[in-house]
Amino acid sequence: MRFSASLCVCLLLAPAGLARDALPVPEPVTARATDLGRYRIAYASALEPLAINRIHAWVVHVADADGQPVDGAELAVSGGMPAHDHGLPTAPRMTRNLGEGNYLVEGMRFHMGGDWEVTLAVVGPDGMDSLTLQLNL
């Protein structure tokens, strides 16, 4: 069986489980400054609204302090429920640089309702910085 070149390219560009045009688009106007002010971060979830026990992906937009997209950064994701003294039930990670300051994070899941924290740590051209998001599910 032969595949067309365009089909092969589409399969290579599409993250696991998500068609490229189905990726969420973070709104830059929702960006928040990181702790040290080196970056501005916005995110959008592929699962809207967020739901319990559903694995999903986020697209995280990273810009510098002036709002210019940051390419070539590395992201690390951590978090949990401080009131329950446990972390995330999965190990979400950045799986792809989508370009124009956008990064795909896969493996997000929240297994119970309540107050969650998600910390996005960025290592980029302006150094390391992080932002902790407060979510109530």
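How each quantity is defined
Residues numbered from 1 in each chain as written. Predicted model: local features only at pLDDT ≥ 70, side-chain atom pairs only at ≥ 80, totals over all residues. Heavy atoms only, no water. Helix = DSSP H or I, 4+ residues; strand = E, 2+ residues; numbered from the N terminus. Buried < 20%, exposed > 50% of the residue type's maximum accessible area, 1.4 Å probe, protein only. Contact = heavy atoms within 4.5 Å. Areas by Shrake-Rupley, 256 points an atom, 1.4 Å probe, with all protein chains shown as cover. pLDDT = per-residue confidence, 0-100. Phe/Tyr/Trp six-rings, centres within 6.5 Å; stacked < 30°, edge-to-face > 60°.

Enquirer: What is the right way to look at the overall build of the chain in this model?
Expert: Scanning the chain for helices and strands turns up 1 helix and 9 strands. Helices (α) and strands (β) of the chain occur, in sequence order from the N terminus, as α-β-β-β-β-β-β-β-β-β. Taken over 137 residues, the chain has a buried fraction of 40%. Counted over contacts in the chain with a minimum sequence separation of 6, partners at least 24 positions apart contribute 58%. Surface exposure of the chain reaches about 7700 Å², of which carbon and sulfur atoms provide 54%.

Enquirer: What is the right way to read the side chain of Ser130 from this model?
Expert: Within the fold, Ser130 resides in strand β9 (residues 127-136). The residues contacting Ser130, other than those within four sequence positions of it, are Thr34, Asp35, Thr119, Leu120 and Ala121.

Enquirer: Help me out: how do you make sense of the confidence of the model for the chain in this one?
Expert: For residues with low pLDDT, the predicted coordinates do not support detailed interpretation. When pLDDT is averaged along the chain, the result is 88, and 85% of the positions lie at 70 or above. Low pLDDT (under 50) marks residues 1-17, which in the prediction has 12 contacts with non-local residues, meaning those over four places away or in another chain.

Enquirer: Any chance you could explain the packing of aromatic side chains here in plain terms?
Expert: Given two aromatic rings, their pairing is described by the distance between the two centres and the angle made by the two planes. As enumerated under the stated definition, the model contains 2 aromatic pairs in all. Aromatic pair Tyr43 and Trp58: ring centres 4.3 Å apart, planes at 20°, arrangement stacked. With Tyr43 in strand β2 (residues 39-45) and Trp58 in strand β3 (residues 56-64), this residue pair connects regions lying 15 residues apart in the sequence. For Tyr43, a relative accessible area of 27% translates into the label partly exposed. By relative accessible area, Trp58 is classed as buried at 0%. Ring centres of Phe110 and Trp116 lie 5.1 Å apart, and the angle between their planes is 65°; on these two criteria the pair is classed as edge-to-face. Phe110 sits in the buried class, given a relative accessible area of 0%.

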